[in-house]
Amino acid sequence: MNKAVLIEKAEQLHRLKKSEIAALLSDNTAGKMLAEAANRVRKRYVGDGVLLRGLIEFSSYCRCNCCYCGLRRDNGKAKRFRMSEREIIELAGQAKDYGYQTVVLQSGEDAFFSIERLGKIIEKIKELDLAVTLSIGERSFNDYKILREAGADRFLLRIETTDAALYTQLNPGMSYTERVRCLKDLRSLGYEVGTGSLVGLPGQTIDSLADDILFFQKLDADMIGIGPLVTNPDTPLDGNNCGDVGLTLRMLAVIRLLLPEANIPATTALETLEPGARIMALTGGANVIMPNVTVGEARMNYALYPGKAEVADTPQDCNSILMTELHTIGRYIENSKGFRKHRH
Ligand code: 5AD
Ligand code: SF4
């Protein structure tokens with residue numbers, strides 16, 4: 001089947017076979033047509049509103065050693081910081097003042113933040129009437145349950161890659177089965193679940209990216225974050241190529257076609273590799289932006305990868321740039337907590 005037929009099929013049925021997904025992903029002439037179809041599906045299912053989620057990076061300590069990430073345990077060059085409970089809650093208050101109705105609390109896997117500590121923070125933030133998303137890594141079913149009861153609404157945990165052998169190789173000491181267990185537990189506890197993958201990992205194949213998309217469909221993921229690898233020289237992946245921006249955008253578009261209701265962010269990693277790619281993502285299937293509300297040193301030191309876009313900008317700058325950018329593509333900032341819109 002040629003690409004136009006495949007894209008039409010995906011747009012109508014929201015289903016494709018693995019070989020068909022792989023054919024679209026590997027066709028670097030399909031980008032424009034894919035983006036246009038994804039943009040139509042995005043408009044039909046989730047509308048023109050762009051959801052903003054204020055990102056608070058509250059600890060750069062991590063017990064994991066993911067080979068691609070600057071926060072990995074063995075990276076002696078990483079500057080480590082932890083915010084106090086008060087600082088985190090203050091930032092959430094600022095996010096509220098910027099008009100955001102939801103915050104994402106993100107950190108490395110840091111045992112200092114016990115479930116009790118996190119629970120207290122969540123309860124305080126919920127008093128501000130904000131939706132709370134956690135992005136804090138792997139925990140037990142019971143821990144996830146307590147955090148959910150404390151008021152957490154959503155959870156982000158990327159699968160990173162569904163190639164189990166590659167996962168094991170790039171995430172030393174971690175287990176693919178355990179990762180999937182976490183996602184299933186989160187689902188069963190009633191969280192909105194976000195997952196996603198990295199594009200451009202060494203050894204990753206187009207077939208495995210197609211599997212990633214089928215995995216998102218099977219999980220019925222509510223949110224899917226896709227970003228290119230931004231090679232970090234202080235990690236074992238030093239010297240590897242960065243992920244391909246075109247491939248990442250094709251991946252994003254196919255995800256919109258096959259998971260039409262999902263909330264899909266235009267990721268910072270895309271913008272870091274290619275200024276302007278954020279807008280391309282928003283006109284090619286994405287409907288979410290996660291502006292960083294972390295300020296000061298913490299913002300500089302939460303370095304997953306080099307050159308994180310806009311690290312030097314204040315959240316206020318970020319906001320006004322955004323408004324203008326969105327206006328030019330006929331979109332607007334949606335004033336809502338940004339839960340998934342179920343259509344069927
Ligand atoms: N480049 C791009 N994304 C990265 N992440 C970690 N390291 C990198 C990197 N070097 C992503 C992972 C993780 C998310 C929080 O950041 O996918 O899930
Ligand atoms: Fe830690 Fe997340 Fe980085 Fe892995 S990707 S080292 S879990 S912060």
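Scroll up for the structure.
Attention in this report is confined to the structure presented alongside it. (Residues numbered from 1 in each chain as written. Chains lettered and ligands numbered in written order. Predicted model: local features only at pLDDT ≥ 70, side-chain atom pairs only at ≥ 80, totals over all residues. Heavy atoms only, no water.)

### Digging into the overall build of the chain
Link 1 in the chain: Along its length, the chain carries 14 helices and 9 strands.
Link 2 in the chain: Relative to its length of 344 residues, the chain is compact, with a C-alpha radius of gyration of 19 Å against a globular reference of 20 Å.
Link 3 in the chain: Its C-alpha atoms put the chain at 55 × 40 × 40 Å along the principal axes.
Link 4 in the chain: Counting every position in the chain, which comprises 344 residues, the buried fraction comes to 57%.
Link 5 in the chain: Sequence separation of 24 or more characterises 77% of the internal contacts of the chain that already satisfy a separation of 6 or more.
Link 6 in the chain: Accessible surface computed for the chain: about 14000 Å², of which carbon and sulfur atoms make up 52%.
Link 7 in the chain: Side chains of the chain carry 44 positive and 44 negative charges; the gap between the two charge centres is 3 Å. (Helix = DSSP H or I, 4+ residues; strand = E, 2+ residues; numbered from the N terminus. Rg over C-alpha atoms; globule rule 2.2 N^0.38 Å. Buried < 20%, exposed > 50% of the residue type's maximum accessible area, 1.4 Å probe, protein only. Contact = heavy atoms within 4.5 Å. Areas by Shrake-Rupley, 256 points an atom, 1.4 Å probe, with all protein chains shown as cover. Lys, Arg positive; Asp, Glu negative; His and termini not counted. Charge placed at Lys NZ, Arg CZ, Asp CG, Glu CD.)

### A few points about the site of ligand 1
Link 1 in the chain: Around ligand 1 lies a shell formed by Y68, C69, Q106, R158, E160, L198, P228, L229, V230, L304 and Y305.
Link 2 in the chain: Take Y68: an N or O atom from its main chain is 2.9 Å from a nitrogen atom of ligand 1.
Link 3 in the chain: Contacts to ligand 1 include E160, whose side-chain N or O atom sits 2.5 Å from an oxygen atom.
Link 4 in the chain: Within the complex, 87% of the 410 Å² of free accessible area of ligand 1 lies under protein.
Link 5 in the chain: For the shell around ligand 1, the class distribution of residues is 8 nonpolar, 1 polar and 2 charged. (Near = heavy atom within 4 Å. Polar contact = N/O pair within 3.5 Å; in protein donor to acceptor, adjacent residues only side chain to side chain. Nonpolar A, V, L, I, M, F, W, Y, C, P; charged D, E, K, R; others polar.)

### Some remarks on the pattern of salt bridges
Link 1 in the chain: This model, assessed by the stated rule, comprises 28 salt bridges.
Link 2 in the chain: The closest approach of N and O atoms between R73 and D74, which form a salt bridge, is 3.7 Å.
Link 3 in the chain: Of the charged contacts, one joins D153 and K126 as a salt bridge, the two residues approaching to 2.8 Å between their closest N and O atoms. Here D153, found in the loop between helix 6 (141-150) and strand 5 (154-156), pairs with K126, found in helix 5 (residues 115-126); they are 27 residues apart in sequence, far enough to count as distant.
Link 4 in the chain: The class of D153 is buried, set by a relative accessible area of 14%.
Link 5 in the chain: Judged by relative accessible area, K126 falls into the partly exposed class, the value being 28%.
Link 6 in the chain: Ionic contacts of the salt-bridge type, sharing partners, join the residues R187, D220, D222, E261 and R340 into one network. (Salt bridge = Lys/Arg side-chain N within 4 Å of Asp/Glu carboxyl O.)

### Some words on the sheet that holds strand 2 (residues 54-59)
Link 1 in the chain: Across the sheet, 6 strands lie side by side as 2-3-4-5-6-7; this open sheet has parallel pairing. Among the strands making up the open sheet, the edge pair consists of strand 2 and strand 7 (223-228). Each neighbouring strand pair of the sheet contributes to a mean axis angle of 20 degrees, computed without reference to strand direction.
Link 2 in the chain: Note: strand 5 against strand 6 (residues 192-199), 3 bridges, orientation parallel. What sits directly across from R154, in strand 6, is E192. (Pairing = 2+ DSSP bridges. Axes fitted to C-alpha atoms, helices over the stretch in contact; angles between N-to-C directions.)

### Some points on the packing of helix 9 (residues 206-219) against helix 10 (residues 245-258)
Link 1 in the chain: With their axes 10 Å apart at the nearest point, helix 9 and helix 10 run at an angle of 30 degrees to one another. Relative to helix 10, helix 9 is oriented roughly parallel. Crossing geometry of helix 9 relative to helix 10 is assigned as right-handed. Every residue of helix 10 that contacts helix 9 at I206, L209, D212, I213, F216 and Q217 is listed here: L247, M251, V254, I255 and L258.
Link 2 in the chain: Looking at the contact of helix 9 with helix 10 residue by residue, the class counts come to 9 nonpolar, 1 polar and 1 charged. (Parallel < 35°, antiparallel > 145°, perpendicular 65-115°, else oblique. Left-handed = near helix turned anticlockwise from the far one by under 90°.)

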